[in-house]
Amino acid sequence: MQEKQELLRIENLHVNVNNKIIIKGLNLSIKSGEIHAIMGKNGSGKSTLAKVISGHPMYVVTEGKIFFEGKDITYEEPDSRSHMGIFLGFQYPVEVPGVSNIDFLRLAYNSKRKQLNQEEIDPLSFFHLVSKEITNINMDPLFLNRSLNEGFSGGEKKKNEVLQMSLLQSKLSILDEIDSGLDVDALKDISENINNFHNSRKAILFITHYQKLIEYIRPNYVHIMNKGIIQLSGNKDLAKEIDKYGYEHIL
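Along each chain, the written sequence defines residue order, and numbers are assigned to residues from 1. Local features in this predicted model are restricted to residues whose pLDDT is 70 or higher, and side-chain atom pairs enter the listing and the counts only when it is 80 or higher, whereas totals over whole chains, interfaces and linings include all residues. Values shown for side chains rest on all heavy atoms present in the structure; no hydrogens or waters enter the calculation.

Looking at an unreviewed UniProt entry, the chain carries the name Iron-sulfur cluster formation ABC transporterATP-binding subunit, with the source organism given as Vertebrata thuyoides.

So, about the sheet that holds strand 5 (residues 71-72). The strand order across the open sheet formed by 4 strands is 2-1-4-5, and the pairing between neighbours is antiparallel. In this open sheet, the two edge strands, each paired with only one partner strand, are strand 2 (20-31) and strand 5. Whether two strands pair comes down to DSSP finding at least two bridges between them. In this description a helix means any DSSP run of H or I spanning at least four residues, a strand means any run of E spanning at least two, and both kinds are numbered starting from the N terminus. Looking at chain direction, strand 1 (residues 6-17) and strand 4 (residues 59-68) are connected through 8 bridges and run antiparallel. Within strand 4, the residue paired with Ile-10 across the bridge is Ile-66. Along the sheet, helix 1 (residues 46-54) contacts strand 1, strand 2 and strand 4; its crossing angle with strand 1, the most-contacted strand, is approximately 115°. Residues are treated as being in contact if the distance between any of their heavy atoms lies within 4.5 Å. Axis definition: a line fitted to C-alpha atoms, over the contacting stretch in the case of helices. Angles run 0 to 180 degrees between N-to-C directions.

Tracing the chain through its elements places Ser-147 in strand 8 (residues 147-148). In this structure the side chain of Ser-147 is engaged in a polar contact, spanning 3.1 Å, whose partner is the backbone nitrogen of Gly-98. Excluding its chain neighbours within four sequence positions, the residues that come into contact with Ser-147 are Val-96, Pro-97, Gly-98, Val-99, Ser-100, Asn-101 and Phe-152. We call two N or O atoms a polar contact when they sit within 3.5 Å, provided that within protein one can donate a hydrogen and the other can accept it, with sequence-adjacent residues counted only if both atoms are side-chain atoms.

This part covers the nonpolar core. With 41 residues, the main nonpolar core has Met-39, Phe-126, Val-130, Leu-163, Leu-175, Ile-194 and Phe-206 as its most contacted residues. The element that contributes the greatest number of residues to this core is helix 5 (residues 154-168), accounting for 5 residues. Residues within four places of Phe-126 in sequence aside, it is in contact with Ile-102, Leu-105, Arg-106, Tyr-109, Ile-121 and Leu-167. Among buried residues, the Ala, Val, Leu, Ile, Met, Phe, Trp, Tyr and Cys ones that are joined through side-chain atoms within 4.5 Å form a nonpolar core. Each residue is placed in one exposure class: buried if its accessible area under a 1.4 Å probe, protein chains only, is under 20% of its type's maximum, exposed if it is over 50%, and partly exposed if it falls in between. Grouped together as the second largest cluster of nonpolar side chains are 31 residues, Ile-22, Ile-38, Val-61 and Ile-86 included.

For Ile-224, the position within the fold is in strand 11 (residues 221-226). Taking relative accessible area as the criterion, Ile-224 reaches 0% and is therefore assigned buried. Expressed as a C-alpha distance, the spacing of Ile-224 and Ile-242, which sit 18 residues apart in the sequence, is 9.3 Å. Those residues in contact with Ile-224, other than ones at most four positions away along the chain, are Met-39, Ile-229, Ile-230, Gln-231, Leu-232, Leu-238, Ile-242, Tyr-247 and Leu-251.

With respect to topology, 6 strands assemble into an open sheet ordered 6-9-10-3-11-12, the strand pairing being mixed. Where the open sheet ends on each side, the last strands, each with one partner, are strand 6 (86-89) and strand 12 (229-234). Strand-to-strand twist of the sheet, defined as the mean angle between neighbouring strand axes without regard to direction, takes the value 20°. As paired elements, strand 6 and strand 9 (residues 172-176) share 4 bridges and run parallel to each other. Opposite Ile-86, over in strand 9, you have Leu-172 as the bridge partner. Set on the sheet, helix 5 makes contact with strand 6 and strand 9; between it and strand 6 the angle comes to about 170°.

Next up on the list: helix 3 (residues 101-115). Expected span of a helix: the number of residues minus one, times 1.5 Å. Along its 15 residues, helix 3 runs 22 Å from first to last C-alpha, staying within 8% of the 21 Å computed at 1.5 Å per residue. For helix 3, every residue scored as buried is listed here: Asn-101, Ile-102, Leu-105, Tyr-109, Asn-110 and Lys-112. Take helix 3 and look down its axis: the buried residues cluster within an arc of 155°, on one side only. Projecting away from the buried face of helix 3 at angles above 90 degrees are the exposed residues Leu-107 and Lys-114. Where helix 3 is buried, its residues contact helix 2 (78-84), strand 7 (96-100), helix 4 (123-136), strand 8 and helix 5. When we speak of the arc, we mean the arc of directions from the helix axis to the C-beta atoms.

Following this line, the structure appears as C-alpha cells:
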C-alpha cells in the first residue's frame with residue numbers, strides 16, 4: 001500500500017483578526033486521501049482557520065507555521081496557494097453580477113494551467129470539459145451562462161463551489177459549512193458529489209455544525225475546536241456524542 005503523503009501541517013498557529021486573537025496555538029496534520037471534519041461552537045475559530053489556510057489577507061499569522069507539501073506557505077499569496085492545489089469553498093459564495101459563470105470558471109481554470117506552464121484551453125474545449133463536470137454533479141447547464149451565483153439558491157451556490165473544486169482538481173479542498181442553507185435532498189446531493197470527487201491523492205477538510213453531513217461524508221477524523229485550538233480529536237463517533245450530549249459535556 002502506498003504511503004500517504006502529508007499535504008498540510010500546521011504548527012503552533014496563532015492568528016489575529018482586527019487586533020483580536022482568534023487562533024491560539026493550533027496544530028493539525030492532514031495527509032493525502034484523508035477527510036477531516038472540524039466542529040465547534042460559534043466563535044471557536046473554525047472559519048478563521050479555513051480562511052487563514054487559504055491566505056485571506058485580513059487574517060494575520062502572528063506566530064507558528066503553515067506547510068503545504070513540505071513548503072512553508074505561511075505568508076504566501078492566496079493565488080499562489082490556489083495554484084499549489086488549495087481550494088476554499090465559501091459558506092456564503094459571493095454574487096458577481098455581469099460576470100458569467102462559465103467565463104469565471106474558464107479564467108480560474110486557465111490561470112492554474114498557466115501557472116503549471118500548460119497551454120490555456122480555448123472556449124469551445126472548455127465548454128465540452130465543463131459540460132462533462134456539470135453532468136457528473138447533476139447541475140443544470142443553464143447556470144453556466146448566468147451571472148456568477150446571482151439569483152442562485154443555497155443549493156445551487158454550493159453545487160457551483162463543488163463544480164469549481166472538481167474543475168481545479170484541488171489537492172486540499174476546504175469546505176466551510178458547505179451544508180449551510182441546504183435542505184435534506186440538496187445535502188445528500190452535495191455529499192455524494194464530494195464523495196465522488198475524493199480519492200487517495202486528495203484530502204478534504206470540512207467545517208460543519210451538524211452530524212448529518214458527517215454521516216454522509218464519513219470523515220477519518222473529527223476535530224472539536226474550542227477557544228482557538230483543537231481541543232479534542234476522534235473518529236466520526238465523536239460527532240454522535242456531540243449531537244447527543246452537546247459541547248459542554250464533551251469538553
